[in-house]
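One letter stands for each residue in the lines below.
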Amino acid sequence: MSKYPVQKSEAEWKSQLSEEEYRVLRQKGTERPFTGEYNMHFEEGIYTCKACNTPLFKSSTKFDSGCGWPSFDKSIDGNVEYIKDTSHGMIRTEILCTNCGSHLGHIFNDGPTQTGQRYCVNSVSIGFDKK
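Residues numbered from 1 in each chain as written. Predicted model: local features only at pLDDT ≥ 70, side-chain atom pairs only at ≥ 80, totals over all residues. Heavy atoms only, no water.

Undergrad: Can you help me understand the sheet that holds strand E6 (residues 92-97) in this one?
TA: Two orientations exist for strands paired in a sheet by backbone hydrogen bonds: parallel and antiparallel. Reading across from one edge, E3-E4-E8-E7-E6-E5 is the order of the 6 strands in this open sheet, with antiparallel pairing throughout. Each end of this open sheet is capped by a strand with a single partner; those strands are strand E3 (62-63) and strand E5 (80-85). Where E5 and E6 come together, 6 bridges link them in antiparallel fashion. Considered in E6, the bridge of Asp85 is made with Arg92. (Pairing = 2+ DSSP bridges. Helix = DSSP H or I, 4+ residues; strand = E, 2+ residues; numbered from the N terminus.)

Okay, here's the thing in structure tokens:
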């Protein structure tokens, strides 16, 4: 049994998510850079997991990193899981939603703010709740 509170079959995920959302969130894919809805989005509110609506990032932590994906310097405590990722010949840290285990993106230690962190997130992995 999975450690995530939200449990769904692959058929249920496929019926709930678009093809692209499923590819990224459930199969650990990546959207093309500079194409995502939230890359240059700077309204006040909360960014949530697209699969289960768990709050992940506050808009006050978002910044333009120029990398082509939404970037944040801090997550909402306890809502993001960190997993070592050695795929594609690289060593990175994958970020997942702690509620459903969906893939969000990766975190890097090259952020320009005081935290030094850059959460590089696929737009398709997140939703937005306006303040």
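Next, the rest of the story.
Undergrad: Please explain the sheet that holds strand E9 (residues 126-130) as it appears in this structure.
TA: The strand order E2-E1-E9 describes an open sheet built from 3 strands, whose pairing is antiparallel. Only two strands of the sheet have a single partner each, and these edge strands are strand E2 (55-58) and E9. Between one strand axis and the next, the sheet turns through 30° on average, direction left out of account. Direction of pairing for strand E1 (residues 45-49) relative to E9: antiparallel, over a ladder of 5 bridges. Bridging across to E9, Cys49 finds its partner in Ile126. (Axes fitted to C-alpha atoms, helices over the stretch in contact; angles between N-to-C directions.)

Undergrad: Mind showing me how you'd approach the packing of aromatic side chains here?
TA: Describing an aromatic ring pair means giving the distance of the ring centres and the angle of the ring planes. In the structure shown here, the tally under the stated rule is 7 aromatic pairs. Residues Tyr38 and Tyr47 carry aromatic rings whose centres are separated by 5.7 Å and whose planes lie at 85° to one another, so their mutual orientation is edge-to-face. Residue Tyr47 is classed as buried on the basis of its relative accessible area of 0%. An aromatic cluster is defined as three or more aromatic residues linked by ring pairs; in this entry it consists of Tyr38, Tyr47, Phe57, Phe72, Tyr82, Tyr119 and Phe128. Here the guanidinium or amino end of Lys8 rests over the ring plane of Trp13, the centre of that ring lying 5.0 Å away. Its end group placed over the ring of Phe42, Lys62 keeps NZ or CZ at 4.2 Å from the ring centre. (Phe/Tyr/Trp six-rings, centres within 6.5 Å; stacked < 30°, edge-to-face > 60°. Buried < 20%, exposed > 50% of the residue type's maximum accessible area, 1.4 Å probe, protein only. Lys NZ or Arg CZ within 6 Å of the ring centre and 35° of its normal.)

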